[in-house]
Amino acid sequence: MGEHMILGAAFRALGAFPSGWRMPGAERLPRREPQVLVKAAKIAERAGFDYLYFGDWLSTGPELETTAPHLLARVDPLSAVAFLAASTRRIGLLTSINTTYSEVYSIARQTASIDLLSGGRLGLNLHVGANAPAAANYGKDVEWDRLNAYDRAFEFVDALRRLWDSWDDDAFIADASAGQLAEPGRVHPADYYGRFVQTAGPLNALRPVQGAVPITHTGTSPRAHELVATRGNVAIADFEDAAQAFDYRAGLRAAALAAGRDPLDAPALVIPVLPVVAETPEKAEALASELLALVAPGTRARVPSLLVGDGPAVAARLEAWFRSGAVDGFQILSAWMPAQLEAFAELVVPELVARGVFRSAYAGRTLREHLGLRHPISAYALD
Ligand SMILES: Cc1cc2nc3c(=O)[nH]c(=O)nc-3n(C[C@H](O)[C@H](O)[C@H](O)COP(=O)(O)O)c2cc1C
């Protein structure tokens with residue numbers, strides 16, 4: 001566990017609670033997403049969040065309106081981070097892709113490009129799910145997808161790393177007088193031929209600024225655990241019980257060591273939480289009640305009462321989890337935008353800083369540095 005917790009903010013323009021968009025003053029129109037993106041990034045960057053997170057879902061339908069309205073129509077996560085690369089300077093930008101329905105060469109190219117455009121602030125979260133609507137959209141067979149999703153994900157990450165390492169960091173010598181732009185020996189084919197993923201390479205993009213874009217995974221099954229332990233940097237997983245989180249995190253670190261990974265680069269555990277924060281405990285309770293009262297009839301939704309309160313109360317909860325060694329950090333879901341992100345930034349973050357569990361300003365420039373990870377050497381430097 002680092003000295004300071006990892007703090008991410010999950011971005012959902014229409015809020016992360018089913019009824020959030022109905023709260024007074026809440027953002028509620030998908031066409032306003034460009035403005036909401038910029039506003040959220042400014043709030044989160046001012047507060048010093050390590051990253052802004054973008055999940056993804058590869059289908060839509062009217063049935064989502066009452067349960068997950070933010071999924072109906074939105075800017076896709078790679079476009080969102082590319083857009084924010086120019087209007088932000090320090091905050092990490094954690095995008096998501098689904099390895100089942102993505103092609104590795106395209107993802108390697110887009111992520112290497114956005115890492116360069118953002119000055120090394122990109123992160124890549126992997127979804128490994130398969131579901132019928134997504135399979136139908138991509139012309140795939142959902143049963144096959146489901147059966148092979150994790151095998152494909154493991155191969156996907158291995159191929160991605162090889163593609164990212166195509167060009168050595170010093171490949172472009174740009175010797176104008178000799179007329180030599182690149183050293184021919186410093187570019188390498190990927191030559192990756194797995195059962196589910198094949199790519200020849202080399203990649204037509206520079207090696208990422210971060211060497212490898214930090215990889216996170218949202219999943220809790222044994223295969224999800226193995227994927228992060230062997231190839232990931234952060235597990236993002238739901239736990240309401242600190243003892244369970246503690247065991248999961250300890251298991252993750254032990255498995256990473258057993259797989260031969262450097263203890264300094266052991267994967268971290270971050271859990272998503274949805275606080276409802278206000279200036280007073282009474283006001284926070286009233287907001288939580290209002291939020292629940294606005295949920296559509298028949299839709300199941302609840303606000304975990306642990307995290308309804310004023311800044312000191314919410315900060316104390318997060319501090320206790322962090323200090324117990326259960327988690328490395330938190331991904332904050334804002335029930336509605338932008339007011340709840342602002343409330344967390346203004347009322348909780350300063351409390352966390354005062355308690356010594358969050359830094360007062362960015363120490364590094366890249367997401368890798370924010371997460372305390374070392375710069376990886378290229379696979380070819382080891383040859
Ligand atoms: C906190 C959390 C958030 C997730 N968000 C998404 C999402 O936005 N889109 C998606 O396709 N899958 C999402 N998933 C699913 C996972 O990414 C994962 O690929 C899938 O559930 C398989 O995981 P499993 O190994 O736990 O079964 C999420 C999972 C968790 C734990």
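Bear in mind that the values here come from a model prediction, so they are computed numbers and not experimental data.

(A) Just the overall build of the chain, in detail. What the chain contains, in helices and strands, is 11 helices and 14 strands. Taken over 383 residues, the chain has a buried fraction of 49%. The contacts in the chain between residues at least 6 apart in sequence include a share of 76% that link residues at least 24 apart.

(B) Local environment of the pairing of strand E3 (residues 92-98). Where burial is concerned, most of E3 is hidden: seven out of the seven residues are buried. Along E3, one buried face is formed by Gly-92, Leu-94, Ser-96 and Asn-98 and the opposite face, lined by Leu-93, Thr-95 and Ile-97, is buried too. Regarding topology, helix H2 (residues 77-87) serves as the crossover connection from strand E2 (residues 51-53) to the parallel E3, and that connection is right-handed. In this structure, E3 lies alongside strand E4 (residues 122-127), joined through six bridges in parallel fashion. Residue pairing across strands places Ile-97 opposite Leu-126, the latter belonging to E4.

(C) View of the UniProt feature "domain: Luciferase-like" (unreviewed entry) in the chain. Mapped onto the present numbering, the UniProt feature "domain: Luciferase-like" (unreviewed entry) falls on residues 33-306. With 40% helix and 15% strand, the stretch residues 33-306 has end C-alpha atoms that lie 30 Å from each other.

(D) Fine view of the site of the ligand. If you check the shell around the ligand, you find 17 residues, and the closest are Gly-55, Thr-218, Gly-219, Ser-221 and Ala-224. Here the shell around the ligand is composed, by residue class, of six nonpolar, eight polar and three charged.

(E) Representation of the confidence of the model for the chain in the model. Looking at the chain, the pLDDT average stands at 97 and 99% of residues meet or exceed 70. In the model output, the complex is listed with pTM 0.98 alongside ipTM 0.96.

(F) Structural context of unusual backbone geometry. Backbone torsion omega between Gly-201 and Pro-202 reads -5°, so that peptide bond is classified as cis. Cis rather than trans, the peptide bond between Met-337 and Pro-338 has omega equal to -5°. Its place among the elements puts Pro-338 in the loop between strand E14 (329-333) and helix H10 (339-354). Backbone geometry at Ala-174 places phi at a positive 45°, although glycine is not the residue there. Locating Ala-174 in the fold gives a position in strand E5 (residues 172-175). Here the phi dihedral of Asp-191 falls at roughly 45°; this positive angle occurs in a residue that is not glycine. Tracing the chain through its elements places Asp-191 in the loop between strand E6 (180-182) and strand E7 (192-193). Given 12 C-beta atoms within a 10 Å radius, Asp-191 is considered exposed.

(G) A look at the sheet that holds E2. Pairing is parallel in the closed barrel, where eight strands are placed in the order E1-E2-E3-E4-E9-E10-E11-E14. On average, each strand axis in the sheet is tilted by 25° relative to the strand beside it, whichever way the strands run. By the bridge criterion, five bridges tie strand E1 (residues 6-10) to E14 in an arrangement that is parallel. If you follow Ala-10 over to E14, its bridge partner there is Leu-333.

(H) Region of the structure containing the environment of Arg-161. In this fold, Arg-161 is placed in helix H5 (residues 142-164). When the 20 C-beta atoms within 10 Å are taken as the criterion, Arg-161 is described as buried. Through-space distance from the C-alpha of Arg-161 to that of Ser-378 is 8.9 Å; in sequence the pair is 217 residues apart. With residues near it in sequence (within four places) discarded, Arg-161 still touches Ala-212 and Ala-379.

Definitions and cut-offs
Residues numbered from 1 in each chain as written. Predicted model: local features only at pLDDT ≥ 70, side-chain atom pairs only at ≥ 80, totals over all residues. Helix = DSSP H or I, 4+ residues; strand = E, 2+ residues; numbered from the N terminus. Buried ≥ 20, exposed ≤ 12 C-beta atoms within 10 Å, placed from the backbone. Contact = placed C-beta atoms within 7 Å. Right-handed = clockwise from strand over helix to strand, strands pointing away. Pairing = 2+ DSSP bridges. UniProt positions renumbered as here; feature names shortened; annotations may be inferred. Near = placed C-beta within 6 Å. Nonpolar A, V, L, I, M, F, W, Y, C, P; charged D, E, K, R; others polar. pLDDT = per-residue confidence, 0-100. Axes fitted to C-alpha atoms, helices over the stretch in contact; angles between N-to-C directions.

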